[in-house]
Each structure stands twice: as structure tokens, then as C-alpha cells.
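Analysis of the macromolecular model
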Amino acid sequence: MDINSLISQYGYAALLVGAVAEGETMTLLGGLAAHQGLLRFWLVVASVALGGMIGDQVLFLLGRHFGGRVLRRFSRYKRKIRSAQRLIQRHPYLFVIGTRFMYGFRVVGPVLIGASKLPPRIFFPLNIFGAFIWALLFTTLGYLGGEVIGPWLHHLDQHIKRWAWLIIVAAAVLAVRIWLKRRDKRKADDDETP
């Protein structure tokens, strides 16, 4: 079985699971697979939106039940947490939809929203709407990226070989550099001891 067959057969399930856990990278790859004709664009959007929505819903519920205890452990971020919670109270719609677009808030955002005691009846529809907008945007970016990357993929074997050699050379240079630094440090330590 080749990679294209695996993507066609298990791609939607992988996208759903990947969107629960992480999101953007899987969504971009799903858009790329749709561009290559391995998956259908709207099914990619639906799979990713569903996965993102499930992941955020679980994090919201965890934040609702355990958020106070979890947030107390991050006492050095107390000011930022309070600021985020005030923002949630003032602009809940924008925060719920926008949290998935804010770098560093993909996981923390829904927990903060849950801990702020925003009612589930408000969070749930906004989560669905935000997940769909997010999925559509990133799938489209991946699809458009396929226009750029598509020709490059046809010569993937040669690219992989070049990158492998580049990585091997870079690792060798790094290893030699570390070895030289350690050697110089040992010499300096030996010179200092009476």
C-alpha cells in the first residue's frame, strides 16, 4: 500500500484526531491532500472542524470543573490570567471565536474560558462557529499552498535525498563544534588546577 492510498483511506480520521490534539499543521496538510485530489475539500473542512470543536469542548469542560485549581498553580501568570478573564467577561463572543487563532492560546484558551464560568449555552454554539471558520481558513491555506508545493512534490525523492545530506552535514558540523568546545573547556580546567 502506498502513501496516497493510506491518505485516501484514513485521511479524514487522521485529520479529526489531529485537530483534537493540535490543529493547524494537520489542517494545512489536509488542504494540501485535497489539492492533490486525495481527499475532498469540504470533508477535510468538516473533519477538522469537528476535531477542533471536540478538543475545545473537552478543554472547556475541564476548565469549568478543574480550572480554578489548575490556574492557581500558575501563580506567576496571575496578572495575565486575570486580564484574559476580564477580556472573556467583556467580549465573550470574540474571545471564544478568536482564541483558536491566537498563538499560545489554542489549549489554554478553552481552559480559561471554562474557568471563567462562561455558560456552556454560550460557549457551545460559538465553539462550533469558530471551529468551522478556523477549519475553512486553514484548509483553504493548505489547498492554496498545494498550488505552490504541488510541482515540488512530484520530485520529492530528490528533495528528500538533498535534505537528508544537508541534515547529516549540519549534524556533523554541530557535533564537531560541541566536541571542540568541550575539549577547550577541559584544557582550561586542567590549566587552572594547581
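Residues numbered from 1 in each chain as written. Predicted model: local features only at pLDDT ≥ 70, side-chain atom pairs only at ≥ 80, totals over all residues. Heavy atoms only, no water.

1. Let's talk about the layout of surface pockets
- Computed from the structure, the second largest pocket encloses a volume of approximately 350 Å³.
- Lining the second largest pocket are 16 residues, and of these Y77, I81, F105, V108 and L112 sit closest to its centre.
- Broken down by secondary-structure element, the contributors of at least two residues to the lining of the second largest pocket are α3 (41–72), α4 (78–90) and α6 (108–115).
- Sorting elements by how many residues they give to the lining of the second largest pocket places α4 first, with five residues. (1 Å grid on protein atoms, 1.4 Å probe; cavity = no way out; pocket = protein on both sides within 12 Å on 5 of 7 lines; lining within 4 Å. Points joined across faces, edges and corners; volume = space filled by probe spheres on them. Helix = DSSP H or I, 4+ residues; strand = E, 2+ residues; numbered from the N terminus.)

2. Some remarks on the packing of helix α2 (residues 24–35) against α3
- Across the interface, α2 lies against α3 with an axial gap of 9 Å and an inter-helix angle of 165 degrees. Classified by the angle between their axes, α2 and α3 sit roughly antiparallel to one another. Crossing angle aside, the handedness with which α2 passes α3 is right-handed. Facing α2, whose interface residues are T27, G30, G31 and A34, α3 presents F41, V44 and V48. (Axes fitted to C-alpha atoms, helices over the stretch in contact; angles between N-to-C directions. Parallel < 35°, antiparallel > 145°, perpendicular 65-115°, else oblique. Left-handed = near helix turned anticlockwise from the far one by under 90°. Contact = heavy atoms within 4.5 Å.)

3. Topic: the pattern of salt bridges
- Counted under the stated rule, the structure contains two salt bridges.
- Close ionic contact of D56 with R100 constitutes a salt bridge, the shortest N to O distance being 2.8 Å. Of this pair, D56 sits in helix α3 while R100 sits in the loop between α5 (92–98) and α6; the two residues are 44 residues apart in sequence, bridging distant segments of the chain.
- For D56, a relative accessible area of 2% translates into the label buried.
- Among the residues examined, R100 registers a relative accessible area of 2% and is labelled buried.
- We note a salt bridge from R183 to D184, for which the minimum N-O separation is 3.7 Å. (Salt bridge = Lys/Arg side-chain N within 4 Å of Asp/Glu carboxyl O. Buried < 20%, exposed > 50% of the residue type's maximum accessible area, 1.4 Å probe, protein only.)

4. Re the confidence of the model for the chain
- Per-residue pLDDT for the chain averages 84, and the proportion of residues at 70 or more is 89%.
- No element of the chain has a lower mean pLDDT than helix α8 (residues 156–192), which averages 76, and none a higher one than α3, which averages 91. (pLDDT = per-residue confidence, 0-100.)

5. Examining the packing of aromatic side chains
- With the rule as written, the count across this model stands at four aromatic pairs.
- A ring pair is formed by F60 and F123, whose centres lie 4.0 Å apart and whose planes are at 5 degrees; its orientation type is stacked. Taken together, the residues span a long stretch of sequence, with F60 in helix α3 and F123 in helix α7 (residues 120–153) at a distance of 63 residues. The same class applies to F60 and to F123, which are both buried. (Phe/Tyr/Trp six-rings, centres within 6.5 Å; stacked < 30°, edge-to-face > 60°.)

6. Structural notes on the environment of I54
- Looking at the element boundaries, I54 is found in helix α3.
- Classification of I54 as partly exposed rests on a relative accessible area of 33%.
- The spatial distance from the C-alpha of I54 to the C-alpha of L16 is 9.2 Å, given a sequence separation of 38 residues.

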